[in-house]
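Residue strings, one per chain:
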Amino acid sequence: MTAPTRIVSIDHRSWENAPRVDEAASPVAELEEGKVLFFPHLRFELSAAETALLDPALVDPKRKNISLNATTGKLTGVAVEDERRDAIGALVRRYYETTRRFLDRLLPHYAAHLHTPTTSLRLHRIGTWKMSWRKDDTRLHVDAFPSRPVGEQRILRVFNNINPHGDTRLWRVGEAFDTLSARYLPQMPPYRPGMAWLLHKLHITKSRSAYDHFMLQLHDRMKADADYQRNGQQESIEFPPGSTWICFSDQTPHAAMTGQFMLEQTYLLPVSAMTHPELSPQRVLERQVAAAH
Ligand SMILES: [Fe+2]
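Quick summary incoming for the structure in this document. (Residues numbered from 1 in each chain as written. Predicted model: local features only at pLDDT ≥ 70, side-chain atom pairs only at ≥ 80, totals over all residues. Heavy atoms only, no water.)

1. What about the coordination of the iron ion?
Those protein atoms acting as donors to the iron ion are H141 (NE2), D143 (OD) and H254 (NE2), and they sit at 2.1 to 2.2 Å. Along the chain, the residues donating to the iron ion are arranged with the sequence spacing H-x1-D-x110-H. Residue D143 is located in the loop between β5 (115–122) and β6 (153–161), and its partner H254 is located in strand β10 (residues 254–258); the two are separated by 111 residues in the primary sequence. Here D143 matches H254 in class, with each residue buried. (Donors = N, O, S within 2.8 Å, 3.2 Å for Na, K, Ca; no water. Helix = DSSP H or I, 4+ residues; strand = E, 2+ residues; numbered from the N terminus. Buried < 20%, exposed > 50% of the residue type's maximum accessible area, 1.4 Å probe, protein only.)

And the structure:
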């Protein structure tokens, strides 16, 4: 028997107002269950001048993507210093502002709590940017980053396919977080707080919680597990140009298989701001660890 889909399709076409209840019954509940909200016709329109910026040569060769910290205004990863740099900055900022307005309407419960916005412009075709298996996002994973411990924060992301040539972005989406973590928990080495202290002292990382430690382990073990990658519960979904999708990427196993040209907006959200904090990976893991001892 195939598992029910974890993709919720919402036929809503405007950034400027919330979906009606008949279009999207309970977006917050569905996100918190780890589902992907998919808006097939929520297009982020690019001008001709902006479309001309869709060129991988504009990305700093040392970086995977161009990114904007909207709080400080710092733009990183742009390879050129001419007027195209300002145009890229304006495009990325417009995506940040548009998605922010939309999230405030779609998820009003979160509006006062979303923080640390990071916007990313991804110009490389998937598979053309050389990387280690650990950074290979064509393998199913949940998001966890060595340089960015999150502690009691969730990772919420808004993706948009801006490909001007009709190329879809193909994802695989995996199972619910509790079954995923129950599969890997027995393999995990015990957490050693002393190591986090040492890394902090050496300025290698900001303070890393037991949760961050676990999530990095989970991320790596999923990606290194060929059997899970092949046979783990999963479904494929094509995101066409002009579509938007939203998920908690720390919770929803995902793999980006094909595609080129995407905008992505990240926010952090405190677990305490969720309508059902007990569904967070933080609380799921606490329950599973307590039950194992
Ligand atoms: Fe990811």
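2. A short note on the sheet that holds strand β11 (residues 262–270)
Ordered by their spatial adjacency, 8 strands build an open sheet running β1-β2-β9-β6-β11-β5-β3-β4, and the pairing between neighbours is mixed. Edge positions in the sheet fall to β1 (7–9) and β4 (74–76), since each of these pairs with one other strand and no more. Ignoring strand direction, the axes of neighbouring strands in this sheet form an average angle of 20°. Contacts from helix α3 (residues 83–106) reach β2 (36–39), β3 (66–69), β4, β5, β6, β9 (244–248) and β11, with the element oriented near 50° to β11. (Pairing = 2+ DSSP bridges. Axes fitted to C-alpha atoms, helices over the stretch in contact; angles between N-to-C directions. Contact = heavy atoms within 4.5 Å.)

3. What to know about the nonpolar core
Within the largest apolar cluster, 46 residues are counted, with the highest numbers of intra-cluster contacts made by L121, L156 and I246. At the level of elements, α1 (27–32), β2, β3, α3, β6, β9 and β11 are the ones that each hand at least two residues to this core. Not counting the four nearest positions on each side in its chain, I246 is found in contact with L31, K35, V36, L37, F39, F102, L103, L106, L156, R157 and V158. Counting 21 residues, the second-largest nonpolar core is a separate cluster that includes V142, A144, Y211 and M215. (Core = buried A, V, L, I, M, F, W, Y, C linked by side-chain atoms within 4.5 Å.)

4. Quick word on the packing of helix α4 (residues 177–184) against helix α8 (residues 281–292)
Relative orientation of the contacting elements α4 and α8 amounts to 45°, with a least axis distance of 10 Å. Between α4 and α8, the crossing angle belongs to the class labelled oblique. Crossing handedness for the pair α4 and α8: right-handed. Taken together, the residues of α8 that come into contact with α4 (itself represented by F177, D178, S181 and A182) are P281, V284, L285 and Q288. Of the residues that constitute the contact of α4 with α8, the class distribution is 5 nonpolar, 2 polar and 1 charged. (Parallel < 35°, antiparallel > 145°, perpendicular 65-115°, else oblique. Left-handed = near helix turned anticlockwise from the far one by under 90°. Nonpolar A, V, L, I, M, F, W, Y, C, P; charged D, E, K, R; others polar.)

5. Comments concerning α8
The terminal C-alpha atoms of α8, which comprises 12 residues, lie 16 Å apart, in line with the 16 Å expected from a rise of 1.5 Å per residue. Inspection of α8 places P281, Q282, V284, L285 and Q288 among the buried residues, and these make up the whole buried set. Projected onto a plane normal to the axis of α8, the buried residues spread over an arc of 165° and lie on a single side. Set apart from the buried face of α8 by more than 90 degrees, the exposed residues are A290 and A291. Considering only its buried residues, α8 is in contact with β6, α4 and α6 (210–224). (Expected span 1.5 Å × (residues − 1). Arc of directions from axis to C-beta.)

6. Details of the pattern of salt bridges
Tallied over the full model, the rule gives 23 salt bridges. A salt bridge links D82 to R84, with the nearest nitrogen and oxygen atoms 2.8 Å apart. When its relative accessible area of 32% is taken as the criterion, R84 is described as partly exposed. When the shortest N-O distance is used, the salt bridge between R100 and D104 registers 3.0 Å. Of the two residues, R100 and D104 both sit in helix α3, 4 residues apart, roughly one turn of that helix. A residue is classified by how much of its surface remains accessible, and D104, at 28% relative accessible area, is partly exposed. Linked through salt bridges whose partners overlap, the residues forming this network are R122, D143, R157 and E264. (Salt bridge = Lys/Arg side-chain N within 4 Å of Asp/Glu carboxyl O.)

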